[in-house]
Every structure is written in C-alpha cells, then in structure tokens.
Amino acid sequence: MRFSILASGSTGNAILVETDQTRILVDAGLSGKQIEAQLRDVDVDPKSIDAILVTHEHSDHIRGLGVMARRFKIPVYANAQTWRELDKLCGPIDSDQKFHFERGKVITLGDVDIESYGLSHDAREPMSFCFYHEGKKLGLATDLGYVSSKIKGILRCSD
C-alpha cells in the first residue's frame, strides 16, 4: 500500500491511497484540472481512480469533486449528512456513482478494507479513514479540532 499527499492545507486537500489493484482518492479539494495534474505527477491516470472518499463538505476538500466524478465516472463515498451538503455544492452526480459510507463502518474497495471514524471538526459529520491491506494499516486524520484518546486509539498501530 502506498500513499501520496497531492495537496494539504487551506487551499486544497487530496490524498491518493493505492495498491497494485486499487486506487482511492481521499478528498478532491483542488480544481479538477489541478487534481489531474497532481495525479499525473505521481504517474497515475485519473481514469484509473476506483473511488473518491469524502471526509467532509468544506470547499478545500471538495472543490474538484463534482468535476472528477462526472469526467471520469468515479464512484463517490460520503456519509448521509455530508451528502446533504454535497448535493448542493458539487453539482449533479449520477445516482449510480453515489454511495453512503457511514462513520464507524468498514467497507472493502478492491483489495483494501477501509474503516471510517468520526472526529472533531466544524462540519456536519466529519470523518476520516484507516486503510488495511496485506497486514498493513494506514491511518489518516485531517482537520482535527481535538485529538481525543479515542482518535489516538484508532490511529494506534498504524504503519
């Protein structure tokens, strides 16, 4: 499992998590053009992205979401509260590309298991993710308002 931080900060956030079989984009907070350029910089064709996971609805996390989803027909995963905001902010995304991924759940995309968890931030229902592949764990945490003992426990033993 590999990851590339394509952008991080108030001007935009996007992280690529990939294995030899699966490519997942966490957030799409740059313009669609910028995300495409960043992906190409790490030798990834945007058409090869299997899913976009959304942590929350702030513009520095979703700016290019609608464009990327529509242009490349990428499935998008977010929780119900975040979807309520995304529907207003990102333009139309086909219903067959919209998936619910609630906090505290685990889903499998390709050969990666993904656990979602809630965190403290000033958004509707912010969450982040831990990725599991071949006995390894990648823990992500963005925009933490507070690092609780629960978050420390979730991220413990990350590789």
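Residues numbered from 1 in each chain as written. Predicted model: local features only at pLDDT ≥ 70, side-chain atom pairs only at ≥ 80, totals over all residues. Heavy atoms only, no water.

Participant: An account of the pairing of strand E10 (residues 136-139) is requested, with residue identities and associated values reported.
Facilitator: Of the pairings in the sheet, the one linking strand E9 (residues 127-133) to E10 comprises four bridges and is antiparallel in character. What sits directly across from His133, in E10, is Lys136. The antiparallel pairing of E9 with E10 creates a hairpin that spans two residues between the two strands, and Glu134 there sits at a positive phi of about 50 degrees. (Pairing = 2+ DSSP bridges. Helix = DSSP H or I, 4+ residues; strand = E, 2+ residues; numbered from the N terminus.)

Participant: Residue-level account of the sheet that holds strand E7 (residues 106-109), with values.
Facilitator: Paired through backbone hydrogen bonds, the strands of a sheet run either parallel or antiparallel to each other. With antiparallel pairing, the four strands of this open sheet are ordered in space as E7-E8-E9-E10. At either end of the open sheet lies a strand with only one pairing partner, and these are E7 and E10. Between one strand axis and the next, the sheet turns through 25 degrees on average, direction left out of account. In the sheet, E7 pairs with strand E8 (residues 112-118) via four bridges, with the strands oriented antiparallel. Bridged to Leu109 within E8 is Val112. (Axes fitted to C-alpha atoms, helices over the stretch in contact; angles between N-to-C directions.)

Participant: Can you explain the environment of Leu144? Please cite residues and give values.
Facilitator: As for its position among the elements, Leu144 is in the loop between E10 and helix H5 (149-155). Placed 10 residues apart in sequence, Leu144 and Ile154 show a C-alpha to C-alpha distance of 14 Å. Ignoring any residue separated from it by four or fewer positions in sequence, one finds Leu144 in contact with Leu119 and Ser120. (Contact = heavy atoms within 4.5 Å.)

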